[in-house]
Amino acid sequence: MYTQEGWAAWMEAAAVFQAAVTAEAAQEPKQDRAKLEQAVKKAVLHPEEASDG
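In this convention, every chain numbers its residues from 1, walking through the sequence in written order. In keeping with the predicted nature of the model, local features appear solely for residues at pLDDT of at least 70, side-chain atom pairs appear and are counted solely at 80 or more, and the whole-chain, interface and lining totals rest on all residues. The side-chain figures draw on all heavy atoms in the structure; neither hydrogens nor water molecules are used.

Q: Just checking my understanding: could you explain the environment of histidine 46 for this structure?
A: For helices the rule is a DSSP run of H or I covering at least 4 residues; for strands it is a run of E covering at least 2, with both sets numbered from the N terminus onward. With respect to the helices, strands and loops of the structure, histidine 46 is situated in the loop between α2 (33-45) and α3 (47-51). Any residue under 20% of the maximum accessible area for its type is buried, any over 50% is exposed, and the rest in between are partly exposed; the area is computed with a 1.4 Å probe on protein chains only. The exposure class of histidine 46 is partly exposed, given its relative accessible area of 34%. In this structure the C-alpha to C-alpha distance between histidine 46 and valine 21, which are 25 residues apart in sequence, comes to 18 Å.

Now the structure itself:
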């Protein structure tokens, strides 16, 4: 059964990730936050594609 306590670590990790993406997107030169988030998720889910260059 899913509980708030069971999801707490995942929710905290998601909040940390979102804050990091937002902070990085705000750096100069400014980046599209959604595109940056997509790129990070793709690199995590498909590291072999990211390492190809």
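What follows picks up the thread again.
Q: Looking at this model, I keep getting lost on the packing of helix α1 (residues 4-26) against α2. Mind explaining?
A: Two quantities define a packed helix pair, namely the angle between the helix axes and the distance between the axes. Across the interface, α1 lies against α2 with an axial gap of 9 Å and an inter-helix angle of 125 degrees. Taken together, α1 and α2 sit at an angle that is classed as oblique. The hand of the α1/α2 crossing is right-handed. Residues Phe17, Gln18, Val21, Thr22, Glu24 and Ala25 of α1 form the contact with α2, whose participating residues are Arg33, Leu36, Glu37, Val40 and Lys41. Axis angles are defined between N-to-C directions and span 0 to 180 degrees, where every axis is a line fitted to C-alpha atoms and, for a helix, only to the segment in contact. Put simply, angles under 35 degrees are roughly parallel, angles over 145 are roughly antiparallel, angles from 65 to 115 are roughly perpendicular, and the rest are oblique. Each crossing gets its handedness from the near helix: less than a right angle anticlockwise from the far helix is left-handed, clockwise is right-handed. Should any heavy atoms of two residues lie within 4.5 Å, those residues are counted as being in contact.

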